[in-house]
Structures are given as structure tokens and as C-alpha cells.
Amino acid sequence: MKQEKRITDRMGERRKRKTGGIIAALVASAAVFAVMVQMEKSILDGYEKKTVFMAASKIPEGQLITEDNYMQYFREQQVDAGCVPGTALNSPDQAAGLVAVYDIEEGVVLTEGMFRKLNLILAELEKPVVAGFKADDIYQLAGGVLRAGDRINIYSIREESAGLVWGNVYVQQVFDASGNAIPNADRSTAAQRVNVYLEESDAADFYSSLAGGSLRVVKLLE
């Protein structure tokens, strides 16, 4: 009986030591996990977030951003502050009146350098107006490739000689032969009618110069 009791006691002690070891291991694991969670939280807390605008869809070159369409092209996104350039756009007040300088791919963080401001373009004119003209054939309009935002030179051909009617004119909008506006994202439809910004006092001379000859337009490369 005594021997059996000693054996039972030893087995009980072993079970206690084994159970204690398991509990200790669990406590240690929990402590390590808690430390790792705290470290991860500290690391994440170290990354300040900042709200910026990203391109919600592709923004074509020359596209004018307005109050009506900016939600189509701009979306707010929170990113790590360290990844945000100082010229990043981050307020709806900055969006309206911008013109894309080149094609901007979807998902790009938008910055001031990707756009021109329409009000600064129009500031070149004391009293800007929109004047329109059309061509009989697309070859007269650089093959019809013109789009809003382009800069063009307009020539008039008279008796085999060409004269510059107006230079460095900013295109406000273009239209097809039926008068339908062509969006900047459409790169295939040929433009045959063009609206441009002009100084109001120059409009009469502009149309008089065009009336005396055959129209030719050259697209300026920036």
C-alpha cells in the first residue's frame, strides 16, 4: 500500500509539473503576443495619414475640371503622410478650373504640376470671349486632332500665300461636322468646328481676316 501510494504521489507531482509547464508556456505566449501587438500599434501610430486627391479615372490631356465633373475624375484617399508631395491636391476648392497638362492615369496622386489653371490662362486676356470657326475639310484643322486645351496658330491662305491670323490661341472646345461636342477622351472623332478664347476687341479683326482666305490651323507642341 505504501509503495502504491508513493507511485501515485509521484505521478501526481509529474502531472502538476506538466500542467504548470503548459500554463507557463501559455502565459509566456500571451505575453509575447501582447508585446507584438503593442509594437505593431506603435509602428502604425508612427505613420501619420493625410487626405489627398487621386485620379478616380483616366484624366485626358486638356480636360477641364469643373464643379460638375470633378467627382468623375477626383476621389479622396488617405495615404501615409510621408508619401505625399508638398504640391499634392487635397481640397475640393483646388479642383474646379484645372486643366490637365497631359494624360493622367487612374490611381495617381494628383499634384499641382499636372494641371494648368484656366483662370491664369484667361488672365492673359483683358476681356475674354469665345469665338468659333469651322473648316470644310479636316486637313485644314491638323487632320481633326484638335481638342480642348490645345494651343494653335491660325493662318489664312490668300493667292498661294499664307498669313498668320492669330497665334498661340487657346482652344475652348471642339465639335464634329454635325456640331456635337467632342470630349477629350475621344481620340478618334475628327474636329471640324473649333471654339477659341479671344480678346473681345480682337473678334471683328479675327473674323475679317478669316473671311478673306482659306483657313489653316497648326497645333502647337508644348
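The structure displayed is predicted, hence computed values, not measured ones.

Asker: Would you explain the overall build of the chain in this entry?
Answerer: In terms of helices and strands, the chain carries four helices and ten strands. Within the chain, counting contacts between residues at least 6 apart in sequence, those at least 24 apart form 65% of the total. By element, 54% of the accessible surface of the chain is carried by carbon and sulfur atoms, the whole surface being about 13,900 Å².

Asker: Help me understand the environment of Ala142 in this model?
Answerer: Mapping Ala142 onto the fold places it in the loop between strand E6 (128–134) and strand E7 (151–158). Look at Ala142 and you get partly exposed, because its relative accessible area is 30%. Here the alpha-carbon distance between Ala142 and Val218, two residues 76 residues apart in the chain, equals 6.0 Å.

Asker: Would you take a moment to explain helix H4 (residues 203–211) for this structure?
Answerer: Because an α-helix packs 3.6 residues into every turn, residues spaced three or four apart end up facing the same way. Taken together, the buried positions of H4 are occupied by Ala203, Phe206 and Leu210. Mapping the buried residues of H4 onto a view down its axis gives an arc of 60 degrees, with all of them on the same face. Counted as exposed and oriented over 90 degrees from the buried face of H4: Ala204, Ser208 and Ala211. Considering only its buried residues, H4 is in contact with E6, E7, strand E8 (161–175), strand E9 (193–199) and strand E10 (214–219).

Asker: Would you mind going over the side chain of Glu199 with me for this structure?
Answerer: Relative to the assigned elements, Glu199 resides in strand E9. One buried charged residue, Glu199, remains without a salt bridge, the closest side chain of opposite sign being Lys127 at 8.3 Å. Separated by 2.8 Å, the side chain of Glu199 and the backbone nitrogen of Glu126 make a polar contact. Setting aside anything within four residues of it in sequence, one finds Glu199 in contact with Leu125, Glu126, Lys127, Pro128 and Val129.

Asker: What should I look at first to understand the layout of surface pockets in this one?
Answerer: Empty space among the atoms becomes apparent when a probe as large as a water molecule is rolled across them. Its boundaries defined by the atoms lining it, the largest pocket holds a volume of some 260 Å³. Gly62, Leu64, Ala148, Gln172 and Gln173 are the residues nearest the centre of the largest pocket, which is lined by 18 residues in total. No other element matches the four residues that E8 contributes to the lining of the largest pocket. Its residues assigned to classes, the lining of the largest pocket comprises twelve nonpolar, six polar and no charged. The calculated volume of the second largest pocket comes to roughly 180 Å³.

Asker: What am I meant to see in the pattern of salt bridges here?
Answerer: Any two side chains of opposite charge can pair, given that their charged atoms come close. Tallied over the full model, the rule gives six salt bridges. For Lys49, the salt bridge identified is with Asp80, shortest N-O distance 2.6 Å. Here Lys49 is found in strand E1 (residues 49–55), whereas its partner Asp80 is found in strand E3 (residues 74–80), with 31 residues between them in sequence. By relative accessible area, which is 48% here, Lys49 ends up partly exposed. Residue classification places Asp80 among the partly exposed positions, given a relative accessible area of 24%.

Asker: Can you help me understand the packing of aromatic side chains in this one?
Answerer: For any pair of aromatic rings, the description consists of the separation of the ring centres together with the inter-plane angle of the planes. Tallied over the full model, the rule gives eight aromatic pairs. Relative to Phe74, the ring of Tyr70 has its centre 6.4 Å away and its plane inclined at 80 degrees; by these criteria the two rings are edge-to-face. The pair Tyr70 / Phe74 is uniform in exposure class, with both members buried. Pairing Phe206 with Tyr207 gives two aromatic rings, centres 5.3 Å apart and planes at 75 degrees, and the pair type is edge-to-face. Under the relative-accessibility criterion, Phe206 is labelled buried at 0%. Grouped by ring-pair contacts, the aromatic residues Phe53, Tyr70, Phe74 and Phe115 constitute a single cluster.

Asker: Sorry if this is basic, but what is going on with the sheet that holds E6 here?
Answerer: Pairing between the strands of a sheet is mediated by backbone hydrogen bonds and can be parallel or antiparallel. Across the sheet, which stays open at both edges, the five strands sit in the order E6-E9-E8-E7-E10 with antiparallel pairing between neighbours. At either end of the open sheet lies a strand with only one pairing partner, and these are E6 and E10. Across the sheet, the mean angle separating the axes of adjacent strands is 45 degrees when strand polarity is ignored.

Rules of the game
Residues numbered from 1 in each chain as written. Predicted model: local features only at pLDDT ≥ 70, side-chain atom pairs only at ≥ 80, totals over all residues. Heavy atoms only, no water. Helix = DSSP H or I, 4+ residues; strand = E, 2+ residues; numbered from the N terminus. Contact = heavy atoms within 4.5 Å. Areas by Shrake-Rupley, 256 points an atom, 1.4 Å probe, with all protein chains shown as cover. Buried < 20%, exposed > 50% of the residue type's maximum accessible area, 1.4 Å probe, protein only. Arc of directions from axis to C-beta. Lys, Arg positive; Asp, Glu negative; His and termini not counted. Salt bridge = Lys/Arg side-chain N within 4 Å of Asp/Glu carboxyl O. Polar contact = N/O pair within 3.5 Å; in protein donor to acceptor, adjacent residues only side chain to side chain. 1 Å grid on protein atoms, 1.4 Å probe; cavity = no way out; pocket = protein on both sides within 12 Å on 5 of 7 lines; lining within 4 Å. Points joined across faces, edges and corners; volume = space filled by probe spheres on them. Nonpolar A, V, L, I, M, F, W, Y, C, P; charged D, E, K, R; others polar. Phe/Tyr/Trp six-rings, centres within 6.5 Å; stacked < 30°, edge-to-face > 60°. Pairing = 2+ DSSP bridges. Axes fitted to C-alpha atoms, helices over the stretch in contact; angles between N-to-C directions.

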